[in-house]
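# Structural description and commentary
Given next are the chains, with one letter for each unit.
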Amino acid sequence: MGIFGRLSDWLKNIFGKRHVRIGIYGPPNAGKTTLANRIAQDWAGGLVGEVSEIPHETRKVQKKGGIVIKDGKSSLRIDIVDTPGIATKVDFHEFMEYGLDEEEAKRRAKEATEGVIEAIKWLDNIDGVILLMDSTKNPFTQVNITILGNLEARELPVIIAANKIDLDGSTPATLKSAFPQHEVIPISALTGANIDLLYKAMLRKFKRR
Amino acid sequence: MASVNFISRAKLEGLDSEEKLDFILNEVKKGQILVLEKGLTAEEQAKLIEMTMKKINEKFAGIEMESYVNEKPTFLERIFGRKKVRLTIIGPADKIKTIYKDKDIIKAVIK
Ligand SMILES: Nc1nc2c(ncn2[C@@H]2O[C@H](COP(=O)(O)OP(=O)(O)OP(=O)(O)O)[C@@H](O)[C@H]2O)c(=O)[nH]1
Ligand SMILES: [Mg+2]
């Protein structure tokens with residue numbers, strides 16, 4: 001963050017307007033933007049970003065403010081920060097399999113690597129995280145382990161959301177047993193299944209302490 | 001043919017974080033596969049991913065890295081700020097592929 005960003009954060013802090021910033025993190029294609037869009041639609045209106053079956057669709061951090069989540073008397077005002085998927089490798093050939101031409105694929109790969117760096121850097125600017133995993137996939141990946149380790153080291157509150165429970169082959173129970181020390185909420189960002197449970201968990205976890 | 005280098009705890013403990021990550025990435029870029037007796041902290045893992053991203057090009061697609069899930073630090077580890085970091089395997093993404101992984105087992109094939 002530049003000096004102006006920091007100054008404006010400081011001013012907002014003084015005037016008490018700095019909202020709780022919640023980052024949505026996870027590997028590419030987990031459904032982060034789908035979830036960010038759903039949260040925005042449910043509590044603010046509008047969308048956060050583009051969704052695609054091609055990995056690394058989000059290559060820049062995108063934010064949406066003015067989101068107020070309510071449950072009875074309890075409410076939580078947050079900014080949602082949708083981050084680029086984090087990966088240890090980016091191979092442009094993979095994008096060509098989705099029909100991109102070579103030049104486009106290489107450009108996407110370059111932007112994707114920059115997006116990964118930006119996502120990691122943003123760990124220093126957020127107050128809490130929804131770590132989104134694809135519940136049809138093995139949860140024991142390095143990306144999941146590295147993100148979680150960094151959240152633990154920074155003592156950031158985290159909710160793990162096991163996404164895509166609408167799909168055959170989804171095993172959210174595997175995810176629960178993989179990370180027993182964390183709260184795991186099975187959801188479908190696409191259909192909205194269990195999304196109310198996620199909102200309740202967010203109110204509990206992310207209320208300013 | 002790929003070679004696998006087993007790097008002792010002592011070798012890496014002589015280096016600071018930056019030297020350590022430079023060493024690892026240089027070896028991996030040369031095509032080496034490393035098995036670290038003592039793995040990286042979560043912060044080092046994130047830093048290594050950032051450094052890897054800067055090096056990715058048409059010939060180098062990045063790394064494959066596998067370590068175990070972090071265990072919750074014990075009370076004493078918290079107090080002394082020492083975190084358990086367990087064995088880690090790191091190699092070029094085009095040479096090594098994880099085929100199975102759970103809490104206690106990492107199964108990888110080398111191409
Ligand atoms: N079946 C199913 N598909 C989903 C769900 N959530 C997202 N998807 C699909 O998964 C694909 C990726 O969704 P995105 O929201 O773009 O994923 P992302 O995590 O933002 O991906 P990157 O920006 O590339 O890191 C799209 O085809 C979505 O329609 C879900 O709950 N169920
Ligand atoms: Mg996205």
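Before reading on, note that the structure itself is shown above.
Just so it is clear, the model here is predicted, and its values are computed rather than measured. (Residues numbered from 1 in each chain as written. Chains lettered and ligands numbered in written order. Predicted model: local features only at pLDDT ≥ 70, side-chain atom pairs only at ≥ 80, totals over all residues. Heavy atoms only, no water.)

### Things to note about the coordination of the magnesium ion (ligand 2)
Residue and element names in this part refer to chain A.
- The magnesium ion (ligand 2) binds to the protein through Thr33 (OG1) and Thr58 (OG1); the donor distances cover 2.0 Å. Placement of the pair is Thr33 in helix H2 (residues 32–43) and Thr58 in the loop between H2 and strand E2 (62–71), with a sequence separation of 25 residues. The same class applies to Thr33 and to Thr58, which are both buried. (Donors = N, O, S within 2.8 Å, 3.2 Å for Na, K, Ca; no water. Helix = DSSP H or I, 4+ residues; strand = E, 2+ residues; numbered from the N terminus. Buried < 20%, exposed > 50% of the residue type's maximum accessible area, 1.4 Å probe, protein only.)

### Topic: the sheet that holds strand E5 (residues 158–163) of chain A
Residue and element names in this part refer to chain A.
- Sheet architecture is open: six strands sit in the order E2-E3-E1-E4-E5-E6, paired in mixed fashion. A single partner strand is all that each edge strand has here, and the edge strands are E2 and strand E6 (183–186). Within this sheet the neighbouring strands show an average axis-to-axis angle of 30°, counted without direction. (Pairing = 2+ DSSP bridges. Axes fitted to C-alpha atoms, helices over the stretch in contact; angles between N-to-C directions.)

### Overview of the interface of chain A and chain B
- Each side of the interface is counted separately: chain A has 28 residues, and chain B has 27 residues.
- Carbon and sulfur atoms make up 57% of the area that chain A and chain B hide from each other, which totals about 2500 Å².
- Its largest share of buried area at the contact with chain B, chain A owes to A:Thr88, A:Phe140 and A:Gln142, together 24% of the area lost on that side.
- On inspection of chain A and its partner chain B, the count reaches three salt bridges.
- Ionic pairing is found between B:Glu50 and A:Lys121, a salt bridge with its closest N-O pair at 2.6 Å.
- Broken down by secondary-structure element, the contributors of at least two residues to the side of chain A that touches chain B are helix H4 (102–121), helix H5 (142–153) and helix H6 (172–178) of chain A.
- By residue number, the principal contributor to the side of chain A that touches chain B is H5(A), which donates seven residues. (Contact = heavy atoms within 4.5 Å. Buried area = accessible area lost by both parts, 1.4 Å probe. Salt bridge = Lys/Arg side-chain N within 4 Å of Asp/Glu carboxyl O.)

### Digging into the pattern of salt bridges
- Going through the model one piece at a time under the given rule, you end up with 16 salt bridges over all chains.
- With its nearest N and O atoms 3.6 Å apart, the salt bridge here joins A:Glu114 to A:Lys110. Taken together, the residues A:Glu114 and A:Lys110, both in helix H4 and four residues apart, mark about one turn of the helix.
- According to the relative accessible area criterion, A:Glu114 is partly exposed, its value standing at 42%.
- Salt bridges sharing partners connect three or more residues here, namely A:Glu102, A:Lys106 and B:Glu58.

### Overview of the packing of aromatic side chains
- Under the defined criterion, the tally for this structure stands at two aromatic pairs over all chains.
- A centroid spacing of 5.2 Å and a plane angle of 85° characterise the contact between A:Trp43 and A:Tyr199, whose relative ring orientation is edge-to-face. One end of the pair, A:Trp43, is in helix H2; the other, A:Tyr199, is in helix H7 (residues 195–206), with 156 residues separating them in the sequence.
- Relative to A:Phe179, the ring of A:Phe140 has its centre 6.5 Å away and its plane inclined at 35°; by these criteria the two rings are tilted. Remark: A:Phe179 occurs in the loop between H6 and E6 and A:Phe140 occurs in the loop between strand E4 (128–134) and H5; sequence separation between them is 39 residues. In this structure, A:Phe140 and A:Phe179 share a single accessibility class: buried.
- Sitting over the ring of A:Phe95, A:Arg108 keeps its end group 5.4 Å from the ring centre.
- Taking the ring centre of B:Phe23 as reference, the NZ or CZ of B:Lys11 above it sits at 4.7 Å. (Phe/Tyr/Trp six-rings, centres within 6.5 Å; stacked < 30°, edge-to-face > 60°. Lys NZ or Arg CZ within 6 Å of the ring centre and 35° of its normal.)

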